[in-house]
Amino acid sequence: MSGGIRFDSVTVAYDGNVVLDSLDLTVGTGEVMALLGPSGSGKTTALRAVAGFVRPASGRVFLGDRDVTDLPPYRRGIGMVVQQYALFPHMRVDANVAFGLKARRTPKAEIRQRVADALEMTGMAAYARRHPRELSGGQQQRVAIARALAIRPDVLLLDEPLSALDAQLRSGMLTELARLHRELPDVSILYVTHDQVEALTLADRIAVMDRARLRACGTPRELYRAPSDEFTASFVGGANLVPVTVGAGSVSLAGAEVKVDTGGAVAGARATLCVRPHLIGLGPGPNQLTGVIREIQWRGATHRLYVEVGGHTVLADLRELRNPPGLGDPVVLHFAPDDAVLLPAGVVGDDR
Ligand code: ADP
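If you're wondering where the values come from, they're calculated on a predicted model, not measured in any experiment. (Residues numbered from 1 in each chain as written. Predicted model: local features only at pLDDT ≥ 70, side-chain atom pairs only at ≥ 80, totals over all residues. Heavy atoms only, no water.)

One open sheet accounts for four strands, arranged E2-E1-E4-E5; its pairing is antiparallel. Strand pairing shows two members of the sheet lacking a second neighbour, strand E2 (17–27) and strand E5 (66–67), which therefore form its edges. Sheet topology note: the strand E1 (residues 5–14)/E2 ladder contains seven bridges and is antiparallel. Bridging from a neighbouring strand, Arg6 pairs with Thr26 of E2. (Pairing = 2+ DSSP bridges. Helix = DSSP H or I, 4+ residues; strand = E, 2+ residues; numbered from the N terminus.)

This is how it looks when you write it as C-alpha cells:
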C-alpha cells in the first residue's frame, strides 16, 4: 500500500483507563473513512493517534508503508482540521494558510503558489488579506481546511469539522467537502463525527465506535441495509429493534408470525428483528402487525407513527398520509420480508 492509514491493534489508555481498545482498521488510498459513534467512544483518540498527539500503549500506526508510531506529529506530513478552526487570530488568512509551509522551510515562491491554490480550492481567494475575526464561522473553517491542504498531505484528518456551524452552513460545507474529495482523489481522509448524516453522505466506509471498540465497519449501504448488531442498526439510520423468537423461516413477534431470512438462527432462539421505520407500510400486506397508535408526529415530508405492538413500540415513517389515524386507533402495519434483518439478541430498549 503506497498511501492510506493503518491501525494495527492500537490501544490507548489514560491513567490505566483504556479509551481505545485494540483498534484494527485500514483506510485505503483516497478513501474517506468516517469514525462514527457517540461522545466518548474513542473517535478523537484514534484520530490523535494517527496525528501523533497521543502515544499508543500498544499497537502500531502506519501511513502507507511507513510505521509512524514513533514519529513526532510534524514529521508525519498530515493535514488536520478540528472543530474550533484554531486559526491564529493575529495572522491574516494567507499567513495562516502559509504557516505549515513556512515551518517546513518551503521556498517562498512555492509558498505563494500553494497558498493561492489552497485558497482557490476552498473558495477563499478573495479573503486572503482578512483577519480571522473578519470572517464568518464557515469561512474560518474553509481557511482551516485550506491550511491543512496547503502542505499537500496524503492524509487529511477531520475532527468534527462542521459541528460548530449551523445546520444550513453544515449542509453547504458537506457538499463542499465532497467536491474537495473529488478534486483530491488520492488523499485518504479520516473523518470523526457523531452525526450519521455526515457519515452517510461523505464516507466511502464507516467505522462505528462504541465504548473504545470498533463495532462494525462497512460501506454506508452495507451498514444501513444489513447492520450486524443492534448498536450499529440504531446508530446508523435509526431502526425498529423488536425482540422475537426464531421459528422455521419466520419469527414470532408478539404472537404474530412474520417471514424473514432467519439465516443460521436456531429455532426457538431469541433474536432481534430490525426494520427501518420508512420501510413499514400502513394497512394489510405481507408480514402484518396489528397495534394501537400511541403518538403521531408530523415531520413535513412524513408522518411518524408510534404504534404499540404487543407491548413494543414500532415506528413507521409514512409519506403522503392524507388522513392520518388518531391516537388510540387500531392500525395494521406491514413490511416486506426482504426489508427486515434478524440480529443477535441484545438488550432491546423500548425507550426511544
Ligand atoms: P470521542 O471522540 O468519541 O468523543 P474521545 O476519544 O475524545 O471520544 O474520548 C474517549 C475517552 O477518553 C473519553 O472517556 C474521554 O473522557 C477520555 N479522554 C480523552 N482525552 C483524555 C485525556 N487527555 N486524559 C484523560 N482522559 C481522556
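That covers the picture; the talk isn't over yet.
With that settled, consider the site of the ligand. Near the ligand, the surroundings consist of Tyr14, Val19, Pro38, Ser39, Gly40, Ser41, Gly42, Lys43, Thr44 and Thr45. One of the backbone N or O atoms of Gly40 is found 2.7 Å from an oxygen atom in the ligand. Burial of the ligand by the protein chains amounts to 56% of its free accessible area of 570 Å². The greatest single-element share of the shell around the ligand, amounting to three residues, is contributed by helix H1 (residues 43–51). For the shell around the ligand, the class distribution of residues is three nonpolar, six polar and one charged. (Near = heavy atom within 4 Å. Polar contact = N/O pair within 3.5 Å; in protein donor to acceptor, adjacent residues only side chain to side chain. Areas by Shrake-Rupley, 256 points an atom, 1.4 Å probe, with all protein chains shown as cover. Nonpolar A, V, L, I, M, F, W, Y, C, P; charged D, E, K, R; others polar.)

With antiparallel pairing, the five strands of this open sheet are ordered in space as E15-E19-E16-E17-E18. Among the strands making up the open sheet, the edge pair consists of strand E15 (281–282) and strand E18 (312–319). Across five bridges, strand E16 (residues 288–298) lies against strand E19 (residues 330–334) in antiparallel orientation. Within E19, the position partnered with Gln288 by the bridge is His334.

Looking at the secondary structure, you find Lys43 in helix H1. Glu160 is the oppositely charged side chain nearest to the buried, salt-bridge-free Lys43, at an N-O distance of 4.7 Å. Setting aside chain neighbours within four positions, we find Lys43 in contact with Leu35, Leu36, Gly37, Pro38, Glu160, Val192, Thr193, His194 and Met209. (Buried < 20%, exposed > 50% of the residue type's maximum accessible area, 1.4 Å probe, protein only. Lys, Arg positive; Asp, Glu negative; His and termini not counted. Salt bridge = Lys/Arg side-chain N within 4 Å of Asp/Glu carboxyl O. Contact = heavy atoms within 4.5 Å.)

Once that is clear, we can look at the environment of Val54. The residue Val54 is located in the loop between H1 and strand E4 (58–63) in this model. A sequence separation of 15 residues divides Val54 from Thr69, and the C-alpha atoms of the two residues are 9.7 Å apart.

Here the focus is the domain arrangement of the chain. If you check the domain split of the chain, you get domain 1 (5–230) and domain 2 (241–344). Taken over C-alpha atoms, the centre of domain 1 sits 39 Å from the centre of domain 2. Contacts between the two partners involve eight residues from domain 1 and, on the opposite side, 11 residues from domain 2. Here domain 1 meets domain 2 over a buried area of about 700 Å², counting both sides, of which 52% is carbon and sulfur. The largest contributions to the domain 1 side of the interface with domain 2 come from Tyr224, Arg225 and Glu230, which together make up 69% of the buried area. Our count for the domain 1 to domain 2 interface comes out at one salt bridge. Residue Arg225 is joined to Asp339 by a salt bridge in which the shortest nitrogen-to-oxygen separation is 3.7 Å. Where domain 1 packs against domain 2, one counts three residue pairs in polar contact (both at pLDDT 80 or more). Of the residues forming the side of domain 1 that touches domain 2, the biggest block, three residues, is contributed by helix H7 (residues 220–225). Across the side of domain 1 that touches domain 2, the residue classes tally to four nonpolar, one polar and three charged. (Domains from an automatic or database assignment. Buried area = accessible area lost by both parts, 1.4 Å probe.)

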